[in-house]
Amino acid sequence: MTTGRITIADVNLLGYEDFIERFGNVVEHCSQAAGAVWGSRPFRDINDLHECLSTFLDSLPQNGQQAILRVHPDLAGRAARQGTLTANSATEQGSAGLTQLAEGGAALAGRKQPEVRRRARGRRDLGSCGRCFWDTTVYKDKFDFPFVVCVRMNKKEAIFSGIKERLENDETTELRTGLEEVKKICYLRLLDLIDPEDCASKV
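Just so it is clear, the model here is predicted, and its values are computed rather than measured.

How each quantity is defined
Residues numbered from 1 in each chain as written. Predicted model: local features only at pLDDT ≥ 70, side-chain atom pairs only at ≥ 80, totals over all residues. Heavy atoms only, no water. Helix = DSSP H or I, 4+ residues; strand = E, 2+ residues; numbered from the N terminus. Contact = heavy atoms within 4.5 Å. Areas by Shrake-Rupley, 256 points an atom, 1.4 Å probe, with all protein chains shown as cover. 1 Å grid on protein atoms, 1.4 Å probe; cavity = no way out; pocket = protein on both sides within 12 Å on 5 of 7 lines; lining within 4 Å. Points joined across faces, edges and corners; volume = space filled by probe spheres on them. Nonpolar A, V, L, I, M, F, W, Y, C, P; charged D, E, K, R; others polar. Axes fitted to C-alpha atoms, helices over the stretch in contact; angles between N-to-C directions. Left-handed = near helix turned anticlockwise from the far one by under 90°. Core = buried A, V, L, I, M, F, W, Y, C linked by side-chain atoms within 4.5 Å. Buried < 20%, exposed > 50% of the residue type's maximum accessible area, 1.4 Å probe, protein only. Disulfide = S-S within 2.5 Å. Expected span 1.5 Å × (residues − 1). Polar contact = N/O pair within 3.5 Å; in protein donor to acceptor, adjacent residues only side chain to side chain.

Q: Requested: an account of the overall build of the protein chain, with residues and values cited.
A: When helices and strands are tallied, the protein chain shows 12 helices and 0 strands. Starting at the N terminus and ending at the C terminus, the protein chain contains elements arranged as α-α-α-α-α-α-α-α-α-α-α-α. Residue pairs in contact within the protein chain that sit at least 24 positions apart in sequence constitute 66% of those at least 6 positions apart. When the accessible surface of the protein chain is summed, it comes to about 10,200 Å², and 48% of that surface belongs to carbon and sulfur atoms.

Dropping the structure here:
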């Protein structure tokens, strides 16, 4: 991951490959998003760049938007346990205290699904690791994509309660909600890469 902030003027001078190298993961595992907006230079400011990225996400067909969500890692999930999160995701999940839950979730991940369901009937006994694993598993079973939330804007308990609340949504609503969370994640990642003087924050 490219580190260090540059000005929006410098952003506008970047060639295609350098632009992809710097902004290729502001949308998780989707360098195509950066590639799609490079031609929209010059950007007025960070908000203009973010708006272009958001427009790209909104323009995708439903299966494309689902794919955007599906490449996001599970919270405190397999990628966290195996150490294969992107640098961005590792930092973000760590900021919400989720990486500490990953190891504890490994015990449940190895169980057969009926046993996990049986244990989940007594959710109070599962602890934080079990609750996170169980709720995200149920969510993914229902919607066929992982629970996506901007963890940097939420505390751990708010994330847990948010999973339960969003499980009540239908698929269309949840696809839209998940995509809006992707946009929040994207904006905060842009803030990490562009000089603060060019960041009239809208968070």
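Q: So what's going on with empty space enclosed by the protein? Residues and values would help.
A: In this approach, a probe sized like a water molecule rolls over the atoms, and the result shows the empty space that is left. Going through the model one piece at a time under the given rule, you end up with 1 cavity of 30 Å³ or more. For the largest cavity, the calculated volume is near 110 Å³. For the lining of the largest cavity, the secondary structure elements donating two or more residues are α7 (87-95) and α12 (171-193). Grouping the amino acids of the lining of the largest cavity by side-chain chemistry returns 7 nonpolar, 3 polar and 2 charged.

Q: I'd like a description of the packing of helix α3 (residues 31-38) against helix α4 (residues 46-59), backed by residues and values.
A: At a minimum axis separation of 9 Å, α3 and α4 run at an interaxial angle of 115°. Considering how the two elements wind past one another, α3 and α4 form a crossing that is right-handed. On the side of α3, the interface is formed by Gln32, Ala33, Ala34, Ala36 and Val37, while α4 contributes Leu49, Cys52, Leu53 and Phe56. Residues of the contact of α3 with α4, tallied by class, amount to 8 nonpolar, 1 polar and no charged.

Q: Help me get a handle on the nonpolar core, residues and values and all.
A: One finds Phe19, Phe23 and Leu49 to be the most contacted residues of the largest nonpolar core, which totals 51 residues. For this core, the elements supplying multiple residues, two or more each, are α1 (8-13), α2 (16-23), α3, α4, α5 (62-70), α10 (127-143), α11 (156-166) and α12. No other element matches the 10 residues that α12 contributes to this core.

Q: Describe the layout of surface pockets, naming the residues involved and giving the relevant values.
A: Roughly 200 Å³ of internal volume is contained in the second largest pocket. Surrounding the second largest pocket, 12 residues form its lining, Asp74, Arg78, Arg81, Phe133 and Thr137 being those nearest its centre. With 5 residues, α10 is the largest single contributor of residues to the lining of the second largest pocket. A class-by-class count of the residues in the lining of the second largest pocket yields 4 nonpolar, 3 polar and 5 charged.

Q: Tell me about the state of the cysteines, residues and numbers included.
A: This structure, assessed with the given rule, holds 0 disulfides. For the unlinked cysteine cysteine 30, the closest cysteine sulfur is that of cysteine 186, found at 9.9 Å. By relative accessible area, cysteine 30 is classed as buried at 7%.

Q: I'd like a rundown of α12, residues and numbers included.
A: Between its first and last C-alpha atoms α12 spans 33 Å; for 23 residues at 1.5 Å apiece the expected length is 33 Å, and the two agree. The residue sitting at the N-terminus of α12 and contributing the capping side-chain oxygen is aspartate 170; that oxygen lies 3.2 Å from the backbone nitrogen of threonine 172.

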